[in-house]
Structures are given as structure tokens and as C-alpha cells.
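For reference, the chains in residue letters:
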Amino acid sequence: MIKNHSSLLLLLVSMFMLSSCLSDTSDEIVYYDDTAVTAFKLGTLNITYHTTASDGVTDSTYTSTIDCSGYHFNIDQVGQTIYNPDSLPVGVDAAHVIATISAKNSGTVVLNLHAKDGSDSLAYYSLSDSIDFTNPVRLRVYNMMGTAYRQYTVHVNVHQQSGDEFAWQSTEAGLTAMGARRFVEAGSTMYLFGQSNGATVGFRKSGNGWTALTLATTLDADAYKNMIVKGSTLYTLSNGSLLSSTDGETWNTVTAATGLTQLLGATAKRMYALTATGISQSTDDGATWTADAIDEEAANLPATDVNFVVQSSRTNDDTYNLTLLGKRDGKTVVWSKVEEDADNSDAQPWSFYPADEYNRKTLPSLANLQVVLYGDELVAMGGDFTKVYTSPDQGLTWDTNTTYVLPEAFGYAAAPFALGTDSSHHLYISKSGSGLVWSAQLARLAWADNQQVFTK
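The shown structure was predicted, so the numbers you read here are calculated from the model rather than taken from an experiment. (Residues numbered from 1 in each chain as written. Predicted model: local features only at pLDDT ≥ 70, side-chain atom pairs only at ≥ 80, totals over all residues. Heavy atoms only, no water.)

J.: Lay out the layout of surface pockets in plain terms, naming residues and giving numbers.
T.: In this structure, the largest pocket spans a volume of roughly 1100 Å³. Taken together, 36 residues form the lining of the largest pocket, with E185, F308, V310, L373 and T421 sitting closest to its centre. Broken down by secondary-structure element, the contributors of at least two residues to the lining of the largest pocket are β12 (181–186), β17 (228–230), β21 (260–266), β25 (304–312), β29 (370–374) and β33 (417–421). Of the residues contributing to the lining of the largest pocket, the split by class is 18 nonpolar, 12 polar and 6 charged. (1 Å grid on protein atoms, 1.4 Å probe; cavity = no way out; pocket = protein on both sides within 12 Å on 5 of 7 lines; lining within 4 Å. Points joined across faces, edges and corners; volume = space filled by probe spheres on them. Helix = DSSP H or I, 4+ residues; strand = E, 2+ residues; numbered from the N terminus. Nonpolar A, V, L, I, M, F, W, Y, C, P; charged D, E, K, R; others polar.)

And the structure:
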């Protein structure tokens, strides 16, 4: 039961008087004059989920519980604040929270609440009483002697947005004359290159719009499909040469593109390209190229709709999971490679994913296939755009995904298009013959990941 301010003072005085009456004990009692909150932890909380009823239209809600003990709370002893950097899921009931609060040297924890008349109202903290954390709550922890206290402001942060919220929006970019196209991001700048009147033209994202690039060098019609980025530099193949640019407008010749048929992509250390006989790599920004090992016939490499995805390893530094996808003889083909760049690492070959009768979750053959890494999974689109596919395992297995489905206004007629993503976790899509660029962002990918753990 919560007690008032006068009761609290009476308790603290009684504690001091009781200790005086025990002076004849043989055990020495030590009283500490310092204290602090050392741990703050939540338990099981109520949560309301929103879903769609069986008719597919009516909104429906239901209440359940969620274990929140895994959410860490930072305790800032200098700023005297307590908060969870990783917000609780949307729908959590922050008005009825059971919290476990621990204090140093057996300190007494007291809630410093605002009374209706605007004054402070002190109340005992009890593990069995729920606390309303819809707004910040102040608490005090008194030392054993009741002569001093430390005060904290507690913030229990709850997401106000569902992590799966995702909505496409269109922007008129004036791209109508552009045919097949390709998105790339260099540094913090997003580019869109494509075919127009037998050459490659480009646009740069500027604010919410797109600005046409003034190319100092004429790029051939296939340069757009060879656009890759290493670091913050753009590279492409055009008119028999490998070119580089730092702004998308001024292009410099790196070397003659002897033997290279299509640039694939790059990691921090290497660039990759298809050749007539296989795959080559460069470790000197494209100046020289050497053949890379493959474990199957080059006849199984993709010939059209080629996509290259780089995913940093979660467990090893200087290690990348590479996925190469495309079409060959009307079928989707997938290759993978682990690139290890640490000292004394062994070079790994490219591995082909052969047909497997037990794998019933392969990516179907999609016209104009486009694949990007979004979050921790691969996203694939193509065909008539009615289905979107995702893979959590570098292209081995695929499932349809209903979150990223394109709006009807985009149009479901098959056509060449571009699919891209940026470092702010936006997906971009733009179709041949259209002046629109569509973009969307999955809410949970936009949330800052800055969790830290402090227990003292």
C-alpha cells in the first residue's frame, strides 16, 4: 500500500531511533551515508496488438502480455536519468508497469509524484505496485541514515510506430524519356542512371526531388547497367574503357576494359566483373584484373538481369557474403562467395547453387529481375510486380513477402525497371517510360540502434 509523505519521514526517524536502542549489541552496525540506483528492470507487461479481422477489412485488437525483462535500462548517475535506449514495442501499456528497482547500500526507494495541487507527493516504492510511466517519473533513493537522497528521472520509452509500417510514395522526377535504368548510392548521394536516345543519362537525388546530371563525357547506352560503387567512387564500362567519377558528371579513364563484359559490384577491398570466361576481380581500383575461382562451369553464370549483393559478415571483421543472381537460359541462377580480407585468409571460390529437388523455395524466373539487400534479407522484384520475394539466407531459399508489395498505381505490366536502396534504409523503384520514382522505408529499419548497457 502506498503511504504519504509524513509516514515516510516517520519511518526514517524510527529507523534512526531503533538503531540507538540497539547500542548494547555485540555486533557493530555500519550505516552508509551514500546510495544510488544500481539496477532498473521491467517484468511482464500488457500489450495491445492491432490486426485485421477475418473479413480482411475491419480492424481488430486483442490484448496479450510480453516479457520486457530483456530491455536494458541505462542509469546515468551524472545526469540522474534512467531510460531504455531500445524502445518497447508499440502497444505496450506504459500506464501499469511493474518495475524492479535496486539501490546501493540498502537505500530506500521513494517515488516523487506530482500531487493534484502541483506539489510533490512522496510515496513508497513497492515491487507489487504498478507505476504509470506514460510520462517521465521522478524517484528518490535515500541513504540508510535518511539524511540525504539522490533523485532520478525515469523514462520508459515505447515505440509509437509499428516496426512493420511501410508505405510507398511517388515523386515526379522528369524521367519519362529514360528507358531501362539503375539506382546506385555513392557516399551519401543517390543516383539514377538509364538509357535515353542511345546513350546513358543520369539524375542525382536532391532533397525530395531529382536533378539531371550534366555529363562531361558521353556514356554509351549500356553504361547504366555497369554502374557500381567502391567507397564513394562511381565506376562504369563505356566505349571499351573502365571509367571512374566522384560526382557522376566528370568521368576519367582508369584503363582499357579488355575482357570485361559487365561490372558486378565491389566490397571495401575488391571490385568484381564478368568476363567471357568467368569472373575477374581487382584489388587496385580497376587498374588490373585477375581471374577469380569458380566451382562450376562458366556456362552457369548469369547472362541477363545480373544482380550482385554484398552483405557484411555479422561474426567476422573484413569478411563479406557475396551473392550473384541473374538469368540463364530462362532460369534463375544463384552463386555465392565468402570474401575474407583478413591477413593470412585463404581465397574462397564462387559456389554455384545447383538445382535441388528438396528445395521448394527457389526464386522463380522473373522478367527484368532486380535484387537488393534490404535490412538483413534480399528483396527480389520483377515480372508483373504482383509478388515480391525475400531471402534470409543469401539467396538459397525464397518466400513471398506482403510488406513490400507495390501499389496499384505503379502498374502491374512487366517492364524494365530499377530497384535500389540507400544507407537510410529507403527502397527506391522506377519503371521504364515513367517519370516517377517511388520510395518507401520500413519503420523498424529507420529506428536508431544505439543500445548501451549501464548497471551502475
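J.: Which residues make up the sheet that holds strand β28 (residues 351–352), and what are the values?
T.: One open sheet accounts for 4 strands, arranged β25-β26-β27-β28; its pairing is antiparallel. Each edge of the open sheet carries a strand with a single partner, namely β25 and β28. Two strands pair when backbone bridges link them, and strand β26 (residues 319–328) and strand β27 (residues 331–340) are joined in this way by 10 bridges, in the antiparallel orientation. Considered in β27, the bridge of K327 is made with T332. (Pairing = 2+ DSSP bridges.)

J.: Give me the lowdown on empty space enclosed by the protein, citing residues and values where you can.
T.: The full count for this structure, using the stated rule, is 1 cavity of 30 Å³ or more. Of the voids in this model, the largest cavity is the one considered here, and its volume is about 40 Å³. Forming the walls of the largest cavity are R182, K225, Q262, L263, L264, V306, N307 and F308. Mapped onto the lining of the largest cavity, the elements with two or more residues apiece are β21 and β25. For the lining of the largest cavity, the per-class residue count stands at 4 nonpolar, 2 polar and 2 charged.

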